[in-house]
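# Notes for the structure review
Here is how the chains run, residue by residue.
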Amino acid sequence: MTEFKSKMMYKELVDLYEALTSTTKRLEKTAILAEFLKNTEAEILPIVTLLSLGKVFPIWSEKEIGIGLKLLMKAISLVVGVSVDTVEEYVRDKGDIGFAAEALFENRLQSTLFKRPLTIVKVYQNMTRMAEISGKNAQTKKIRVLIELLTSASPAEAKYISRTVVEELRVGIGEGTIKDAVSEAFNVDKEVVERALMLTNDPGLVAEVSKGEGEEGLKKLTLKPGKPVKPMLAQLSHGIGASVEEMGTAICETKYDGFRVQIHKKNDEIKIFTRRLDNIKDAVPEIVEYIEKCLPHEDFIVEGEIIATKDGNPISFQYILQRVRRKYEIERLRNEVPLIMYLFDVLYYKEPLIDLPFGERRVILQKIVKVEPSKFELSNQVIVTPENVEDAEKLFESSIKAGHEGIMIKDPFAPYMPGIRGKKMLKFKAEPETLDLVVVGGTYGRGRRANLIGSYLMAAQDEEGNLKTIAHTATGLDDATLLELSSKVESLMTEKKGRKVKARPEIILEIAYSEIVKSPEYESGYSLRFPVVKRIRDDKSIEDIDTVHRIESIFNA
Amino acid sequence: MFKAVLSDSNILKTSFDAISSIVDEVQMQADSEGLRLDALDRSHITFVHLELKPGLFDEFTIDEPLKINVDTEELMKVLKRAKSDDIVELSVDEGNLIIIFEGEARRRFKIRLIDIEYEAPSPPDLEYPTQFEVPFVLLKNSIQDIEIVSDKIVLMVDSDKFIAEAEGEFGDAKIEYLHGEKIENKAKSIFSLEKIKEMLKADKFSDIIVLKLGNDMPLNLSLKMISDEGELSFLLAPRIESEE
């Protein structure tokens, strides 16, 4: 375990959380956070940066604390000296584990023999320790380490320790605010900070380098195989002709309806990251075999789409989720739902390539991949200019006919821009646009369906990452998926009043609709007519959900 | 070089029965004064102190003071294997605590030593208004009686009696014991029953318990061997609540 000298108290961080909560204005939040980061000792700056986001590890890290709400409530009950039922009652009353812990800690019934004020380092070390405990009796051991923190906590400290443990800090700090605050605190350019964040996905590291080495240091940060990069994102094209016209020359590729992944290889260790930056390597053994066989034994990062097939034809996206989420019976499903990998970009090969134009990256990709038909392929592509735009249209038609989603239209001269949804990469789809929204609650059915959450309350995010409700949706799912969704939402439940429940925002659904309408009933000010669930988007995370801003612009268009 | 031989294996077994249910990791200190440990549970509610003097051992040799850090659960697993007529021998090598049971056969176990960032806590120094003795079995039985009605226990003492009682949702229980000692003060505190049960797992250490009780003060519960060569004692933080 790393030794730290810092004696900075956890109370100071808690005071920061409280100050951040006291305002809803993003500029104020940024200023408060910037001031704090500026005054944080260099040694613990990475930790403090992550903790201010409510995280202990960077999102790509496979470490997790592994304490659910139940175990946390048990720990609180033991420290406070009340029954677990009482803790549950408080959580129901207050609607949040943090407020419940705070209230319970105001009146602790069990006294202690010693009090040791908590340092930030102590909190961080115990959280890390919980993540490291595994195997037999892991739960018992984890809870002890948690109790050690809680027993020395003040009511306000207990509130934020609890929220950090269940990964729901609720102080309204997202990656955007972190970017601005780091920029402000260490006087470095916002765009340089943003690029560094997109490349490393490590806010702690970015803050540390900003403080220590400034802009020059940040610019030297680059992608490293083994650590996922935010994928470059596509805007919607409103017509193939117009888009090609605007771009001049375009590389058009089939848009596969599957799972976008980044394949990393470092010292012969392979990792396959989803857009949520989870490593799914173990669920897709055949892809790993193909990678071994079809790609060179060098360090690299390539990007592509995995699709599920039946009798050689692409099948619904839901099937690939079955594969990717799988922990057991992987071998059986491997035969039932074979996967095909289509690669379309290379970000690193012996050295970072993201600053090369896409056209050149594609050439390198073609050189290093040994194609294995119907297993490990390169995306289907044509190069078009306004003169031969019909080639792009043909590609679109053949892609649709083959069961794919549409086409991508990419600028061959553009560098790879991690995390940016710009004009250098467009998508043109056959189906109407859908929205990715997060489930924040729901309503139990009646009668035969009284045990099932039948209707789901969906939310989009505003500029500051606050969730704003937009619609209830009740249709579009088959029984099995509905059952799964219902029990998932139950496991995330934070409040239950009558038939209505609130849930931690973790499940993303893709929603189709007929029309966006103004509505005072929902927090976003808009609602959807005829919302239908298209699918559960396990590949997306809360940061990926659509914004109120986008909904507004669709409404206005 | 450290070697300690103990002909009564129950002493260690019964001590660690209690210790392992209170703390998960401990540091034992061995020196010319014997074997000793001070530990605080992670919730800072119970403090435990064990002291075994050299005279208690059949053989006790040590060159220089030694710190032995162990996972109590692992140690307990081994100690459970001791038969009551086994002779126990303790020693250490690089990174292990070695425990040998000498009986019908010679059985040797090694337990990995662990790293712990250890700040040996010193217990708060408290002045108690009362001190008295009760038979171990009496307290153990009282706990079992009280458990029927509640998970909390009120301990009281006055000039005549030691009283353990509890009020529960579905009934009450009260145990009175004439202690026959000279006590001038009254004292009363409330404790978690579960925590007292953990301490009383050490049921073969001593027949007599020395209790020190104050008003809303920690409970001092001490088990002393008649020979004065060994002591296992506990300090338990009270519950803070008005009587219901």
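Computed from a prediction, not measured in an experiment: that's the story for all the values here. (Residues numbered from 1 in each chain as written. Chains lettered and ligands numbered in written order. Predicted model: local features only at pLDDT ≥ 70, side-chain atom pairs only at ≥ 80, totals over all residues. Heavy atoms only, no water.)

### Observations concerning the overall build of chain A
For the record, the criterion: Only DSSP runs of H or I reaching four residues or more are called helices, and only runs of E reaching two or more are called strands; each is numbered from the N terminus. C-alpha atoms define the radius of gyration in this analysis, and the globule rule sets the expected value at 2.2 Å times the number of residues to the power 0.38. Between buried and exposed lies partly exposed: a residue is buried under 20% and exposed over 50% of the maximum accessible area for its type, with that area taken using a 1.4 Å probe on protein chains only. By definition, residues are in contact when any of their heavy atoms lie within 4.5 Å. All accessibility values rest on the Shrake-Rupley procedure with a 1.4 Å probe; residue burial counts only the protein chains present in the view.
Along the backbone of chain A there are 20 helices and 21 strands. Radius of gyration (C-alpha) of chain A: 25 Å, near the 24 Å computed for a compact globule of 557 residues. Projected onto its principal axes, the C-alpha positions of chain A cover 80 × 65 × 50 Å. When burial is assessed residue by residue, chain A has 56% of its 557 residues classed as buried. Excluding contacts between residues fewer than 6 apart, the proportion of contacts in chain A whose partners are at least 24 apart in sequence is 71%. Of the roughly 24700 Å² that chain A leaves accessible, carbon and sulfur atoms contribute 50%.

### Quick word on the overall build of chain B
Threshold: Counted as positive: Lys and Arg. Counted as negative: Asp and Glu, with His and the chain ends omitted from the count. Where a charge lies is defined by one atom per residue type: Lys uses NZ, Arg uses CZ, Asp uses CG and Glu uses CD.
Counting secondary structure elements, chain B contains four helices and 17 strands. Over its C-alpha trace chain B gives a radius of gyration of 19 Å, about what one expects of a compact globule, namely 18 Å for 244 residues. Taken over 244 residues, chain B has a buried fraction of 53%. Long-range pairs, those at least 24 residues apart, make up 63% of the contacts in chain B between residues at least 6 apart in sequence. When the accessible area of chain B is evaluated, it comes to approximately 11800 Å², of which 44% is carbon and sulfur surface. Placing the 29 positive and 52 negative side-chain charges of chain B at their respective mean positions leaves the two points 4 Å apart.

### Quick word on the nonpolar core
It is characteristic of soluble globular proteins that their nonpolar side chains tend to be buried jointly. We apply this condition: For the purposes of this section, nonpolar cores are sets of buried Ala, Val, Leu, Ile, Met, Phe, Trp, Tyr and Cys residues that join through side-chain atoms within 4.5 Å. Note that the domain bounds were set by an automatic or database domain assignment.
Phe16(B), Ile99(B) and Leu221(B) are the most contacted members of the largest nonpolar core, which totals 78 residues. A total of six residues in this core trace back to one element, the largest contributor, which is helix 1 (residues 9-22) of chain B. Two domains each put at least three residues into this core: domain 1 (2-112) and domain 2 (130-223) of chain B. Of all hydrophobic cores here, the second largest spans 77 residues; its members include Leu51(A), Ile65(A), Phe105(A) and Ile173(A).

### Section: the sheet that holds strand 12 (residues 161-167) of chain B
Residues and elements named next belong to chain B. Defined as follows: Any two strands between which DSSP finds at least two bridges are classified as paired. Orientation is described by axes fitted as lines to C-alpha atoms, over the contacting stretch for helices, and by angles from 0 to 180 degrees between their N-to-C directions.
Strand order across the open sheet formed by four strands is 13-12-11-14, with antiparallel pairing between neighbours. Two strands lie at the open edges of the sheet, namely strand 13 (172-178) and strand 14 (187-192), each paired on one side alone. With strand direction ignored, the average angle separating the axes of adjacent strands in the sheet is 15°. Across seven bridges, the pairing between strand 12 and strand 13 is antiparallel. For isoleucine 163, the partnering residue across the bridge sits in strand 13 and is glutamate 176.

### Some words on the domain arrangement of chain B
Residue and element names in this part refer to chain B. To keep things clear, this is the line we draw: We define buried area as the total accessible area lost by two parts upon association, computed with a 1.4 Å probe and summed across both. What counts as a salt bridge is simple: a side-chain nitrogen of Lys or Arg found within 4 Å of a carboxyl oxygen of Asp or Glu. Distance and chemistry together define a polar contact, namely a pair of N or O atoms within 3.5 Å, with one atom able to donate a hydrogen and the other to accept it when in protein, and with adjacent residues in sequence counting only for side-chain atoms on both sides. Gly falls in the polar group here, along with every residue not listed as nonpolar (Ala, Val, Leu, Ile, Met, Phe, Trp, Tyr, Cys, Pro) or charged (Asp, Glu, Lys, Arg).
Annotation of chain B at the domain level lists domain 1 (2-112) and domain 2 (130-223). Computed from C-alpha atoms alone, the centre-to-centre distance between domain 1 and domain 2 is 28 Å. Between domain 1 and domain 2, the contact holds 14 residues from the first and eight residues from the second. Surface buried jointly by domain 1 and domain 2 totals about 830 Å² across both partners, of which 64% is contributed by carbon and sulfur atoms. Remark: the boundary between domain 1 and domain 2 carries one salt bridge. For aspartate 41, the salt bridge goes to lysine 195, with nearest N and O atoms at 4.0 Å. Summed over the shared surface of domain 1 and domain 2, the result is two residue pairs in polar contact (both at pLDDT 80 or more). If you list the elements that add at least two residues to the side of domain 1 that touches domain 2, you get helix 1 and strand 4 (46-52). At eight residues, the largest contribution of residues to the side of domain 1 that touches domain 2 is made by helix 1. Across the side of domain 1 that touches domain 2, the residue classes tally to six nonpolar, six polar and two charged.

### Some details on the packing of aromatic side chains
This is how the line gets drawn: Pairing of aromatic side chains requires ring centres within 6.5 Å, counting the rings of Phe and Tyr and the six-membered ring of Trp. Pairs whose planes differ by under 30 degrees are stacked, by over 60 edge-to-face, and all others tilted.
Under the counting rule described, the total for this entry stands at eleven aromatic pairs over all chains. With 6.4 Å between their ring centres and 40° between their planes, Phe114(A) and Phe47(B) make a pair best called tilted. You can see Phe114(A) sitting in the loop between helix 6 (97-106) and helix 7 (120-132) and its partner Phe47(B) sitting in strand 4, one on each of two chains. The same class applies to Phe114(A) and to Phe47(B), which are both buried. Arranged with centres 5.3 Å apart and planes meeting at 45°, the rings of Phe132(B) and Phe162(B) form a pair that is tilted. One end of the pair, Phe132(B), is in strand 10 (residues 130-135); the other, Phe162(B), is in strand 12, with 30 residues separating them in the sequence. Of the two residues, Phe132(B) and Phe162(B), both sit in the buried class. Chaining the aromatic ring pairs together yields one cluster made of Phe2(B), Phe57(B) and Phe60(B).

### Things to note about the side chain of Ser6(A)
Residue and element names in this part refer to chain A. Counting through the fold element by element, serine 6 comes out in the segment before helix 1 (10-21). Overall, serine 6 belongs to the buried group, its relative accessible area being 4%. A polar side-chain atom of serine 6 sits 3.1 Å from the main-chain amide nitrogen of methionine 8.

### Regarding the environment of Ser83(A)
Residue and element names in this part refer to chain A. Considering the arrangement of structural elements, one finds serine 83 in the loop between helix 4 (69-80) and helix 5 (84-94). Relative accessible area serves as the criterion here: at 37%, serine 83 is assigned to the partly exposed category. A polar atom in the side chain of serine 83 sits 2.9 Å from the side chain of threonine 86.

### Here's the deal with the domain arrangement of chain A
All names here are of chain A. By the assigned domains, chain A splits into domain 1 (10-54 + 172-220), domain 2 (69-165), domain 3 (240-429) and domain 4 (435-556). For domain 1 and domain 2, the distance between their C-alpha centres works out to 27 Å. In this assembly, twelve residues from domain 1 lie in contact with 13 residues from domain 2. For the domain 1 and domain 2 pair, buried surface summed over both sides reaches about 1100 Å², with 74% attributable to carbon and sulfur atoms. Taken together, the connections running from domain 1 to domain 2 amount to one salt bridge. Between lysine 159 and glutamate 18 there is a salt bridge, with its nearest N and O atoms 3.1 Å apart. For the interface between domain 1 and domain 2, the tally reads four residue pairs in polar contact (both at pLDDT 80 or more). Counting only elements with at least two residues in the side of domain 1 that touches domain 2, the list comes to helix 1 and helix 3 (45-52).

### Digging into unusual backbone geometry
One non-glycine residue, Asp268(A), adopts positive backbone phi at about 70°. As for its placement among the helices and strands, Asp268(A) is situated in the loop between strand 3 (259-266) and strand 4 (269-273). Backbone geometry at His44(B) places phi at a positive 60°, although glycine is not the residue there. Mapped onto the elements, His44(B) comes out in the loop between strand 3 (34-40) and strand 4.

### Brief notes about helix 12 (residues 203-220) of chain A
Rule in force here: Expected span, for any helix, means 1.5 Å times one less than how many residues it has.
The first and last C-alpha atoms of helix 12 of chain A sit only 15 Å apart over 18 residues, clearly below the 26 Å expected at 1.5 Å per residue. Residues of helix 12 of chain A that are buried: Pro203(A), Gly204(A), Val206(A), Ala207(A), Val209(A), Ser210(A), Gly214(A), Gly217(A) and Leu218(A).

### Quick notes on the pairing of strand 11 (residues 152-157) of chain B
Extensive coverage of strand 11 of chain B is indicated by the burial of five of its six residues. Linking strand 11 of chain B to strand 12 of chain B, which pair antiparallel, is a turn of three residues.

### Concerning the interface of chain B and chain A
Frequently, the measure chosen for interface size is the accessible area removed from exposure when the parts meet. Contacts between the two partners involve 27 residues from chain B, matched on the other side by 21 residues from chain A. On the chain B side of the interface with chain A, the three residues burying the most area are Arg42(B), His44(B) and Arg239(B), jointly 33% of the side's total. For the interface between chain B and chain A, the tally reads three salt bridges. The residue Glu148(A) makes a salt bridge to Arg42(B) at a minimum N-O spacing of 3.2 Å. Where chain B packs against chain A, one counts eleven residue pairs in polar contact (both at pLDDT 80 or more). Listing elements by their share of the side of chain B that touches chain A, those giving two or more residues are strand 4, helix 2 (72-79) and strand 17 (230-236) of chain B.

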